[in-house]
Amino acid sequence: GMSSRMMGKDGQRLGAFGVGVVVTIFLFSLYREDSAPKKYAIQITSGLSPQKRWVTDTWGRGILFSTAVSKVVHTKQSDFQLVQVFDSPDLGRVLMLDEFLQTSVADEAGYHEMIAHVPMSFKRSKPTQEGQWAEVLVIGGGDGGSAREILRHPHVKTVTLCEIDPAVIHAATEYLPTIWAHPYLADRPLHEDSRLKVKNVDAIKFLQEAYDAGKRFDFIVVDASDPIGPGIELYRSKFYKLLKDSLNEGGAVAIQGGSFVYLKLVFSAVYHGLKAHFPIVKPINCVTQLYPGGVWNLAIATLGDDPADVDEDIVAAIQTPPGFNLKWYTSEVHKASFALPPAAYTVLAKPPPSLEELERDAADWSIFGEPKKGGKRS
């Protein structure tokens, strides 16, 4: 790694010597005459290792990502999922749901800034009377990162955060203060911004009831989970249609869109699902450290406006705490995020997967590890 390259020749020699000693001891233990041959295997488990020293997540078939754990801070089995928070030497504090890594203090800005500011900072043909983006809905996103970034826009009147699991909100407010943070006041929690309304309800049901009651939104963020179990509902055509029907004129939708590298079927399903109902759908790149491959994709859908056409006035009005600057988003990054390589468009040129294929694929790449007792894979 980086540290061994920076040590110079003496460090390299010592490193090589250390490796040599380890290999020698290992070989000696294999070939000692007085012991029977032993089988050596690497034990892999998803989520926390048995000694609680490592967390492992899957990036693809046979591709794993592990991070060291310095301390498990919080564990709670809610009515919906296993909610865990742990500290990692490099990533800082990390949120994990059902043994899938969700967000970390070190990398969350690369995702949350892009899912909020790109779809909120283009030139709108029909801004609402009260301001550019008055009424906003966040589906999922219980860690608060998306809501925090949206609320940095002074013209936002209300952000309704629809997170079905109160245990996620609790974990964020108690253990992730830099994510669940006030948009422009230093060292204050997110919920002190009175524009935030938290609802622990089923988001699809909430949106349908709001639509039936005549409620419309300027901007909707779908911080969606993977298409496993109940998460599949957020990938149905009727949900994408409901999103479109729930928008004011000149509105926009941003959705967690998988990856053209590792989650091709999710990338394709989200794009084509939106494209069946919205005239303009554009995928963008963002950067994370936790999600498979690091390069991650979001999908931006509008009712006709070009989301790549950045409005410098909106960008200039973004509010942050004194002395704090955004880590990822600028108007230049806004424009650049729409430049995807040919490999991405090759994925989109193929017919989109069926919901069954999507579910099967997600279940397939998320299962890994050595069999545990009883034959269940970890």
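Residues numbered from 1 in each chain as written. Predicted model: local features only at pLDDT ≥ 70, side-chain atom pairs only at ≥ 80, totals over all residues. Heavy atoms only, no water.

**Thoughts on the overall build of the protein chain**
Rules: Numbering goes from the N terminus for both helices and strands, where a helix is a DSSP run of H or I of at least four residues and a strand is a run of E of at least two. The buried label applies to any residue whose accessible area, calculated with a 1.4 Å probe on protein chains only, is under 20% of its type's maximum; exposed applies above 50%, and partly exposed to all values in between. By definition, residues are in contact when any of their heavy atoms lie within 4.5 Å.
Tallying secondary structure elements over the protein chain gives 12 helices and 14 strands in all. Considering the protein chain as a whole, with its 378 residues, one finds that 49% of them fall into the buried category. The contacts of the protein chain with a sequence gap of at least 6 include a subset with a gap of at least 24, amounting to 66%.

**Comments concerning helix α11 (residues 342–349)**
Since there are 3.6 residues in each turn of an α-helix, residues three or four apart along the chain are aligned in direction. To keep it simple, the criterion reads: Here, the arc refers to the directions that run from the helix axis to the C-beta atoms.
Within α11, burial applies to Ala344, Val347 and Leu348. The buried residues of α11 occupy one face: seen down the axis, they fall within an arc of 95°. Exposed residues lying more than 90 degrees from the buried face of α11 are Pro342 and Ala349. Lining the buried residues of α11 we find α8 (264–275) and β13 (280–287).

**Re the side chain of serine 88**
Threshold: N or O atoms closer than or at 3.5 Å make up a polar contact, with two conditions inside protein: a donor-capable atom paired with an acceptor-capable one, and, for residues adjacent in sequence, both atoms drawn from side chains.
Mapped onto the elements of the fold, serine 88 is located in strand β5 (residues 82–88). At 3.0 Å, the side chain of serine 88 and the side chain of threonine 67 are in polar contact. Once residues lying within four places of it in the same chain are set aside, the contact partners of serine 88 are Thr67, Ala68, Ser70 and Val94.

**Let's talk about the side chain of serine 268**
The topology assignment puts serine 268 in helix α8. According to the relative accessible area criterion, serine 268 is buried, its value standing at 3%. Aside from chain neighbours lying at most four places away, what touches serine 268 is Val347, Leu348, Pro351, Pro352 and Pro353.

**What to know about the sheet that holds strand β2 (residues 54–60)**
Defined as follows: For two strands to pair, DSSP has to find at least two bridges joining them.
Pairing within the open sheet is antiparallel, and its three strands lie in the order β1-β2-β3. Each of the sheet's edge strands pairs with one partner strand only, and the pair in question is β1 (47–48) and β3 (63–68). As defined by bridge partners, β1 adjoins β2 across two bridges and the pair is classed as antiparallel. Across the sheet, the residue bridging to leucine 48 is valine 55, located in β2.

**Section: the nonpolar core**
Proteins that are soluble and globular tend to have nonpolar side chains buried together. This is how the line gets drawn: Here the nonpolar core consists of buried residues drawn from Ala, Val, Leu, Ile, Met, Phe, Trp, Tyr and Cys, with membership extended through side-chain atoms lying within 4.5 Å.
Judged by nonpolar contacts, the single largest core of 96 residues is most densely connected at Ile139, Ile150, Ile220 and Leu243. Setting aside chain neighbours within four positions, we find isoleucine 150 in contact with Ala116, Met120, Val136, Val138, Val156, Val159, Phe219 and Val221.

**Overview of the pairing of β2**
Burial analysis of β2 places six of its seven residues in the buried class, the great majority of the element. As consecutive antiparallel partners, β1 and β2 are separated by five residues, and within that stretch lysine 52 has a phi angle of approximately 60°, a positive value. Taken together, the six bridges between β2 and β3 define a ladder with antiparallel strand orientation. Across the sheet, threonine 56 pairs through a bridge with serine 66, a residue of β3. Here β2 folds back onto β3, and the loop between the two strands holds two residues, one of which, glycine 62, carries a positive phi near 75°.

**Remarks on the packing of helix α6 (residues 203–212) against helix α7 (residues 237–245)**
Inclusion rule: Whenever a helix is involved, its axis is fitted only over the stretch in contact; in every case the axis is a line through C-alpha atoms, and angles between N-to-C directions fall within 0 to 180 degrees. Put simply, angles under 35 degrees are roughly parallel, angles over 145 are roughly antiparallel, angles from 65 to 115 are roughly perpendicular, and the rest are oblique. Each helix crossing is assigned a hand: it is left-handed if the near helix lies turned anticlockwise from the far helix by less than a right angle, otherwise right-handed if that turn is clockwise. Following the grouping adopted for this structure description, the nonpolar residues are Ala, Val, Leu, Ile, Met, Phe, Trp, Tyr, Cys and Pro, the charged ones are Asp, Glu, Lys and Arg, and the polar ones are all others, Gly among them.
Remark: α6 packs on α7, axes separated minimally by 10 Å, with the N-to-C direction vectors making an angle of 40°. Taken together, α6 and α7 sit at an angle that is classed as oblique. Like other packed secondary-structure pairs, α6 and α7 cross with a definite hand, here left-handed. Residues Ile204, Leu207, Gln208 and Tyr211 of α6 pack against Phe239, Leu242, Leu243 and Asp245 of α7. Looking at the contact of α6 with α7 residue by residue, the classes come out as six nonpolar, one polar and one charged.

**A short note on the environment of phenylalanine 267**
Summarising the element assignment, phenylalanine 267 is placed in helix α8. Considering only alpha carbons, one finds phenylalanine 267 and leucine 298, 31 residues apart in sequence, at a separation of 8.3 Å. Among all residues touching phenylalanine 267, those that are not within four sequence positions of it are Gly257, Gly258, Ser259, Phe260, Pro283, Asn297, Leu340, Ala344, Val347 and Leu348.

**Side note on the pairing of β5**
Each regular strand carries side chains that alternate between the two faces of the sheet. The buried fraction of β5 amounts to seven of the seven residues, a majority that puts the element mostly inside the structure. Judged by which residues are buried, β5 turns out to be covered on both faces: Leu82, Gln84, Phe86 and Ser88 on one side and Val83, Val85 and Asp87 on the other are all buried. Summarising the sheet, strand β4 (residues 71–77) and β5 pair through six bridges and their orientation is antiparallel. Along β5, the bridge assignment pairs valine 72 with phenylalanine 86. Sheet topology note: the β5/strand β6 (residues 92–97) ladder contains six bridges and is antiparallel.

**As for the sheet that holds strand β10 (residues 196–199)**
Across the sheet, seven strands lie side by side as β10-β9-β8-β11-β12-β14-β13; this open sheet has mixed pairing. Of all the strands in the sheet, just β10 and β13 have a single pairing partner and so form its edges. Averaged over all neighbouring strand pairs, the angle between strand axes comes to 15°, with direction disregarded. When strand β11 (residues 217–223) meets strand β12 (residues 247–256), the two strands line up parallel, connected through five bridges. Bridge pairing links valine 222 to isoleucine 255 in β12. Sheet strands in contact with α8 are β12, β13 and β14 (295–302), and its direction is about 150° off that of β13.

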